[in-house]
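Observations on the three-dimensional arrangement
The chain contents come next:
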Amino acid sequence: MLSVVLPAFNEEAGIVQAVRAIRAVLETCDIGYEILVVDDGSRDATWRELQRLAHSMRSLRAIRFSRNFGKEAAIRAGLEAASGDAAIVLDADLQHPPELIAEMLRLWRTDDVDVVNGVKVDRRRESGIDTVLTRGFYRLFSRLSGLAIDNGADLKLLDRAVIDAYCRLPERQPFFRGLVTWLGFRQVDLHFDVAPRLAGASKWNGFSRLLLALTSIVSFSTLPLHIISLCGIGTSVFALFLGLQTLWVWAGGSAVEGFTTMILALAFIGGILMLGLGIIGQYLAQIYNEVKARPLYLVREVLDRPERRLQHIHQTRQPIEAACSEP
Ligand code: UDP
Ligand code: MG
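Right, let's walk through the structure included here. Numbering of residues starts from 1 in every chain and runs along the sequence as written. The order in which chains are written sets their letters, starting at A; the order in which ligands are written sets their numbers, starting at 1. Under the rules for a predicted model, residues below a pLDDT of 70 receive no local features and side-chain atom pairs below 80 are neither given nor counted, while totals for whole chains, interfaces and linings still include all residues. As a convention, hydrogens and water are excluded, and side-chain values are obtained from all of the structure's heavy atoms.

Some words on the coordination of the magnesium ion (ligand 2)
Selection rule: Counted as donors are N, O and S atoms no farther than 2.8 Å from the metal, or 3.2 Å for Na, K and Ca; water is not among the atoms, and sites may therefore look incomplete. The cut-offs for exposure are 20% and 50% of the maximum accessible area for each residue type, with area from a 1.4 Å probe on protein chains only; residues under the lower value are buried, those over the upper are exposed, and the others partly exposed.
Looking at the magnesium ion (ligand 2), one finds its protein donor set to be D93 (OD) and Q95 (OE1), positioned 1.9 to 2.0 Å from the metal centre. Among the residues examined, Q95 registers a relative accessible area of 22% and is labelled partly exposed.

Set out below in structure tokens:
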């Protein structure tokens, strides 16, 4: 049995078409399946569309968040609710072609693979600032974390063992692409061309991408903190030499005019200090969010078949009781 997880935020224009297209592919795959849409607090008619669709589609299940918690939380919720022996995570805007499902399944079944990673092919030699920054991020991330996720996408097939391992990670700010690579198991890449968006607009802007880049680097590497220490050592050595030289010149009775030197030294030290504080601040923020340990998402409503709903309640009650019984 296969679970297909679709995170969806404000996708009213295309969600029905996307679910239908995915179902059409699944029908040809000779496997039991469920399509699990996680409505990430959409403010449009996405949920109503799903309710309508669920009447005629028994294989459709849906979870509705109490507000927008972000794509990472939606993926996590989908994987936690998935009951398949494997799960495929796809974008709900059909940018990840559903036809890939068949190939991913083949790799999983025949090649004894635990994870199939969708990797975007960049055919066009793009040179926009956006692409340069994205490439820069991937390169930096790989360098710092030691995990190669070049051109990685959130399109993935995960075996049950990997789903369970992923859902056990206690992180409050998960980075799906990075963490799945970090988990290990047997992984293969599947290259694909990103299709144009079916309808609606992308939810990302420059600022949200910068934030994601920062938190993902911080959660995978402590190297930036060590770099601050190195900068500190470097500037201290520099200060020692400059101090000795200044004293030497002063003792010789020919002290130089100091204004420019002062301004340069202040600006340099100020810059390094602020940068250092900023980097430490990033780690502090991450620790702060982890320590608060708020849930990753809250569910407002679930669309499910009645027999499944009972099962779900049963499953979620146990961990709560277990947690309560701890000292
Ligand atoms: N998405 C989500 N929550 C968000 C933002 C996006 O669940 O807060 C979903 C969105 O509905 C889509 C997928 O994540 O299915 C990818 O988002 P988008 O197409 O906006 O990103 P892009 O393809 O431009 O990277
Ligand atoms: Mg998209």
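Comments concerning the sheet that holds strand β3 (residues 60-65)
What counts is decided by this rule: Each pair of strands is called paired provided DSSP finds at least two bridges between the two strands. Per the convention used, a helix needs a DSSP run of H or I reaching at least four residues, while a strand needs a run of E reaching at least two, with both numbered from the N terminus. Only the stretch in contact is used when fitting a helix axis, every axis being a line fitted to C-alpha atoms; angles between N-to-C directions are given from 0 to 180 degrees.
With mixed pairing, eight strands are arranged side by side in an open sheet as β7-β5-β6-β4-β1-β2-β3-β8. Of all the strands in the sheet, the pair left with one neighbour each is β7 (187-192) and β8 (299-303). Between one strand axis and the next, the sheet turns through 20 degrees on average, direction left out of account. Pairing geometry for strand β2 (residues 33-39) and β3, over five bridges, is parallel.

A short note on the pattern of salt bridges
Here is the rule: Definition used for salt bridges: Asp or Glu carboxyl oxygen within 4 Å of a side-chain nitrogen of Lys or Arg.
All chains considered together, the criterion is met by ten salt bridges. Note that R76 is salt-bridged to E80, the shortest N-O span being 2.8 Å. On the criterion of helical spacing, the pair formed by R76 and E80 is a turn pair, its members being four residues apart in helix α3 (residues 71-81). Within this structure, K71, D91, D154 and R177 form a network of salt bridges that share partners.

Remarks on the packing of helix α8 (residues 206-220) against helix α10 (residues 259-292)
Formally: Relative orientations are named as follows: roughly parallel for angles under 35 degrees, roughly antiparallel for angles over 145 degrees, roughly perpendicular for angles from 65 to 115 degrees, and oblique for any other angle. Contact definition: two residues touch when any of their heavy atoms are within 4.5 Å. Only Asp, Glu, Lys and Arg are considered charged in this grouping, and only Ala, Val, Leu, Ile, Met, Phe, Trp, Tyr, Cys and Pro are considered nonpolar; every other residue, Gly among them, is considered polar.
At a minimum axis distance of 10 Å, the contact between α8 and α10 shows a crossing angle of 80 degrees. In this view, α8 runs roughly perpendicular relative to α10, as classed from their interaxial angle. For the pair α8 and α10, contact is made by L214, T215, V218 and S219 and by Q282, Y283 and Q286, respectively. Partitioned by chemical class, the residues of the contact of α8 with α10 number three nonpolar, four polar and no charged.

With respect to the pairing of strand β1 (residues 2-8)
To be explicit about the condition: For crossovers, right-handed means that the path from the first strand over the helix to the second runs clockwise, given strands pointing away from the viewer.
Here β1 lies mainly inside the structure; seven of its seven residues are buried. Residues L2, V4, L6 and A8 line one face of β1 and the alternating positions S3, V5 and P7 line the opposite face, and both faces are buried. With helix α1 (residues 15-27) bridging β1 and its parallel neighbour β2, the resulting β-α-β unit is right-handed. Here β1 pairs with strand β4 (residues 86-89) via four bridges, running parallel. Bridging across to β4, L2 finds its partner in A86.

Points about the site of ligand 1
We count it as follows: Proximity is defined per residue: any heavy atom of the residue falling within 4 Å of a molecule or strand makes that residue near it. Pairs of N or O atoms within 3.5 Å make up the polar contacts considered here, provided that, within protein, one atom can donate a hydrogen while the other can accept it, and that residues adjacent in sequence are counted only when both atoms are side-chain atoms. Each accessible area is a Shrake-Rupley result for a 1.4 Å probe, and residues are judged covered by the shown protein chains and nothing else.
Close to ligand 1 lie 16 residues; E11, D40, D93, Q95 and S202 are nearest. Within the backbone of P7, one N or O atom sits 2.8 Å away from an oxygen atom of ligand 1. Residue F9 places a main-chain N or O atom 2.9 Å away from an oxygen atom belonging to ligand 1. Compared with its free state, where it exposes 530 Å², ligand 1 has 86% of that area covered by protein. A breakdown of the residues in the shell around ligand 1 according to their chemical character gives five nonpolar, four polar and seven charged.

A closer look at the nonpolar core
The cut-off we apply is this: As used here, the term nonpolar core means buried Ala, Val, Leu, Ile, Met, Phe, Trp, Tyr and Cys residues forming a set that is joined through side-chain atoms within 4.5 Å.
L2, L6, V19, I35, V37 and I101 are the most contacted members of the largest nonpolar core, which has 39 residues in total. Listed in part, the 26 residues of the second largest apolar core include A87, I149, I163 and L169.

Observations concerning helix α2 (residues 46-56)
Rule in force here: In this context, the arc is that of the directions from the helix axis out to the C-beta atoms.
Within α2, burial applies to T46, W47, E49, L50 and L53. Buried residues of α2, seen end-on, are gathered within an arc of 155 degrees and therefore sit on one face of the element. Those residues of α2 that are exposed and angled more than 90 degrees off the buried face are R48, R52 and H55. Where α2 is buried, its residues meet α1, β2, β3 and β8.

So, the packing of aromatic side chains
For clarity, the cut-off: Note on aromatic contacts: the rings of Phe and Tyr and the six-membered ring of Trp form a pair at centre separations within 6.5 Å, being stacked when their planes are under 30 degrees apart, edge-to-face when over 60 apart, and tilted otherwise. Distance and angle both matter: a charge sits over a ring if NZ of Lys or CZ of Arg is within 6 Å of the ring centre and within 35 degrees of the ring normal.
As enumerated under the stated definition, the model contains nine aromatic pairs in all. Judged by centre distance (5.6 Å) and plane angle (85 degrees), the ring pair of F65 and F69 falls under edge-to-face. Taken individually, F65 and F69 each receive the classification buried, so the pair is uniform in this respect. Ring geometry for F137 versus Y138: centroids 5.6 Å apart, planes at 50 degrees, classification tilted. Taken together, F137, Y138, F141, F175 and F220 form an aromatic cluster joined through their ring pairs. Directly above the aromatic system of F69 lies the positively charged group of R67, at a separation of 3.9 Å from the ring centroid.

Examining the environment of W108
Mapped onto the elements, W108 comes out in helix α4 (residues 100-110). Residue W108 is classed as buried on the basis of its relative accessible area of 15%. Residues W108 and V188, spaced 80 residues apart in sequence, show a C-alpha to C-alpha distance of 9.6 Å.

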